[in-house]
Amino acid sequence: QVQLVESGGGLVQAGGSLRLSCAVSGRTFSSFTTGWFRQAPGKEREFVARISVSGLNTYYADSVKGRFTISRDNAKNTVYLQMNSLKPEDTAVYYCAATSSRSATIPRLYDYWGQGTQVTVSS
């Protein structure tokens, strides 16, 4: 089965940057749309960004548009989330996920998930 492993989380001050990585294995990387989700304490898991199998189409939640960039490197079987201008409200566990759907933005449509990586943004 497909496996995903996130890395790159940590503690950063407001206005700073982090780059998250998601290493994918088990099946052909380019066969899946890949997304990032996040979950803060007491809240439901929410969509952050997704990227098509071709890498040509990206889509972002309004809350991160203009600040976050999703990309993929098929040679390395890795998806990235570059996070700039971080805000305290970005604090959450960030999850990488994969789906055969072209335009999924809700968690139940994603078939495979990583274990998550903690991102904490201080004021």
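Above this text you will find the structure in question.
The rules we used
- Residues numbered from 1 in each chain as written.
- Predicted model: local features only at pLDDT ≥ 70, side-chain atom pairs only at ≥ 80, totals over all residues.
- Heavy atoms only, no water.
- Pairing = 2+ DSSP bridges.
- Helix = DSSP H or I, 4+ residues; strand = E, 2+ residues; numbered from the N terminus.
- Axes fitted to C-alpha atoms, helices over the stretch in contact; angles between N-to-C directions.
- Core = buried A, V, L, I, M, F, W, Y, C linked by side-chain atoms within 4.5 Å.
- Buried < 20%, exposed > 50% of the residue type's maximum accessible area, 1.4 Å probe, protein only.
- Contact = heavy atoms within 4.5 Å.
- Disulfide = S-S within 2.5 Å.

Novice: Report on the sheet that holds strand 8 (residues 78–83), specifying residues and quantitative values.
Specialist: One open sheet accounts for 4 strands, arranged 1-3-8-7; its pairing is antiparallel. Of all strands in the sheet, those with a lone pairing partner are strand 1 (3–7) and strand 7 (68–73), marking the two edges. Each adjacent strand pair in this sheet contributes to an overall mean axis angle of 15°, direction not counted. Two strands pair when backbone bridges link them, and strand 3 (residues 18–25) and strand 8 are joined in this way by 6 bridges, in the antiparallel orientation. Across the sheet, Leu 20 pairs through a bridge with Leu 81, a residue of strand 8.

Novice: Please set out the nonpolar core residue by residue, giving values where relevant.
Specialist: Counting 34 residues, the largest nonpolar core has Trp 36, Leu 81, Met 83 and Tyr 94 as its most contacted members. Among the elements of the structure, strand 3, strand 4 (33–39), strand 5 (46–51), strand 7, strand 8, strand 9 (92–99) and strand 11 (117–122) are those that each provide at least two residues to this core. Per-element accounting of this core gives the leading share, 5 residues, to strand 9. In this structure Tyr 94 touches Glu 6, Leu 20, Trp 36, Phe 37, Arg 38, Val 48, Phe 68, Leu 81, Met 83, Gly 116, Thr 117 and Val 119, once residues within four positions along its chain are discounted.

Novice: Help me get a handle on the state of the cysteines, residues and values and all.
Specialist: Using the criterion set out here, one finds 1 disulfide in the structure. The disulfide partner of Cys 22 is Cys 96, and the S-S distance across this bridge is 2.1 Å. Here Cys 22 and Cys 96 share a disulfide; its torsion about the S-S bond, -85°, makes the bridge left-handed. Residue Cys 22 is located in strand 3, and its partner Cys 96 is located in strand 9; the two are separated by 74 residues in the primary sequence.

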